[in-house]
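What follows is each chain in one-letter form.
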Amino acid sequence: MAIWNPWHGCTKLSPGCANCYVYRRDESIGKDASVVTKTGDYDLPVKKNRKGEYKLTPADGTVYACMTSDFFLDIADEWRQGVWDMIRERRDLNFFIITKRIDRFEECKPADWGDGWDHVAICSTCENQDRADYRIPFLLNAPIKHRFVASEPMLEEIHIEKYLETGLIEKVVCGGESGSKARPCDFEWIREMRKQCVEYNVEFFFKQTGAVFIKDGKTYHIERKYQGSQARKAKMDYIPGGVKMAEVIKINDKTWRIEDGMVRFLLFCGDEKAALIDTGMNVPEARSIAEGLTDLPIILINTHADRDHISGNAAFDEVYMSPAEEENYREAGGSAKLIPVREGDVIELGDRPLRIIDNPGHTPGSIAILDEKYRVLISGDSIQDGNIFMFGKFRNIDVYIESLKKLSKWDGTYDEIYPMHGTFPVKPELIPKLIEGAEQIRDGKATGQPVDMFGNPVNLYKFDYAGFLCD
Ligand code: SF4
């Protein structure tokens, strides 16, 4: 990484500028930072050595431009065209431009900018809600290939969900303010911003705490040299790269579904704790996704233990699950300690009781979970409109039929069913259809098509409401 300052000095613009580090540093050497001058490094990117090679060749290819001023400062208008020319020439580098003047982008962009240059990223800073709502729309509406947002110094809780939702922002960076006059940064603001990023699967980086950091109501004064490491220790960074297939979708203020390719898992929050229900197939980070969505302590409940539901289980020491599922769980590699749950048990999340209903057949210990408050039945794999696996040693179609019939006891207590595969949600009217289809298969009245499932020759019985894959 290299820094290139083609001009130096700036004019203060908004609350984030109050304790500008350029001013602080210049003051310390008796310099006036409001005087803007072209620097001796102006043409740094195109300077060459005697062999005719560029001098500016940072190992990672990244160049931060204009770090002691603002790239779109009006005083620098006459110098900017030359800077664009150099950036255009050095397409072998990646230029990163941070600005508080994104509203000047249109009038300052080069004539041949088109829909953006691949090697230029623009970061708009927003220190408070007011500046976020003013600047981010300019960032989103401008033809830019790589858009970043920085809240540094972060001066209050900021909500940018509606901007993240566009999918146009690649990364959000937050941090506190440094210096002797630093204004406090509250960890809750950082947490809140991270939560928004997790919800919209946007990369988040908590860069540094700042000099005055509030955590859990307590104020800490942190030396400059520790501000970055303390931020690292908070483990707030979020990189969606490892969870490419996961999409976080909010159902209501206390409920999320996380779509993990062909399977999903759920986060249910009460007033006192949260329950992660299953942990998906491709996301060992399931717990960290949940932690980004809630500050409540999180428990894990498995609807059953097929491999595509337990990939993130390793992040938990304990799991609520039917004891009848333990053999399947251990064979699938599950290692958490079992907290057995049985028919009639209620797991209380705090004004959100979750009632356990034994629902074997798909697997020996499959459970359904009744969320009485929100009138929802979580069905795992047993009730869905995809293809229900009924082949292999843990399946039993007779038991499955009886389980579904027994669910009629709960008729009228829920309006929707949340399955882990297929359409989301499905209606209770699906249950009698599944019973009828399973009975036709059991009684030899349905015709299946031979298909191969992971090397297993099975029969697919396809109905217009769902399918069954059977031995
Ligand atoms: S825009 Fe940046 S460089 Fe300019 S005064 Fe504000 S904080 Fe300082």
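Below, the structure is looked at part by part. Keep in mind it's a predicted model, so treat the numbers as computed, not measured. (Residues numbered from 1 in each chain as written. Predicted model: local features only at pLDDT ≥ 70, side-chain atom pairs only at ≥ 80, totals over all residues.)

Moving on, we get to the nonpolar core. Core analysis: the biggest nonpolar cluster contains 123 residues, and Ile97 and Leu267 have the highest contact counts within it. Counting residues per element, this core draws most heavily on strand E15 (residues 263-269), which supplies 6 residues. Taken domain by domain, this core gets at least three of its residues from each of domain 1 (2-241) and domain 2 (247-470). Leaving out residues up to four positions away in the same chain, isoleucine 97 has contacts with Ala65, Cys66, Phe71, Val120, Ile122 and Cys123. (Core = buried A, V, L, I, M, F, W, Y, C linked by C-beta atoms within 7 Å. Buried ≥ 20, exposed ≤ 12 C-beta atoms within 10 Å, placed from the backbone. Helix = DSSP H or I, 4+ residues; strand = E, 2+ residues; numbered from the N terminus. Domains from an automatic or database assignment. Contact = placed C-beta atoms within 7 Å.)

Taking 1.5 Å per residue as the helical rise, helix H4 (residues 129-141) with its 13 residues ought to reach 18 Å, and the 18 Å between its terminal C-alpha atoms agrees with that figure. Listed in full, the buried residues belonging to H4 are Arg131, Ala132, Arg135, Ile136 and Leu139. Against strand E6 (120-125), strand E7 (146-151) and helix H5 (161-164) lie the buried residues of H4. (Expected span 1.5 Å × (residues − 1).)

What follows concerns the sheet that holds E6. The strands that make up a sheet pair up through hydrogen bonds in the backbone, lying either parallel or antiparallel. In spatial order, the strands read E1-E4-E5-E6-E7-E8-E10; together these 7 strands make up an open sheet with parallel pairing. At either margin of the open sheet sits one strand with a lone partner, and together these are strand E1 (2-4) and strand E10 (203-208). Sheet twist, expressed as the mean angle between neighbouring strand axes with direction ignored, is 25°. In terms of strand pairing, strand E5 (residues 94-99) meets E6 through 5 bridges, oriented parallel. Note on E6: the bridge partner recorded for phenylalanine 96 is alanine 121. Relative to the sheet, helix H6 (residues 187-199) contacts E7, strand E8 (169-175) and E10, its axis offset from that of E10 by approximately 160°. (Pairing = 2+ DSSP bridges. Axes fitted to C-alpha atoms, helices over the stretch in contact; angles between N-to-C directions.)

One open sheet accounts for 4 strands, arranged E24-E28-E27-E26; its pairing is mixed. Both outer strands of the open sheet, strand E24 (387-390) and strand E26 (449-453), are each paired with one neighbouring strand and no more. Taken over all neighbouring pairs, the strand axes of this sheet differ in orientation by 35° on average, direction set aside. Note that strand E27 (residues 456-462) and strand E28 (residues 467-470) share 4 bridges and pair antiparallel.

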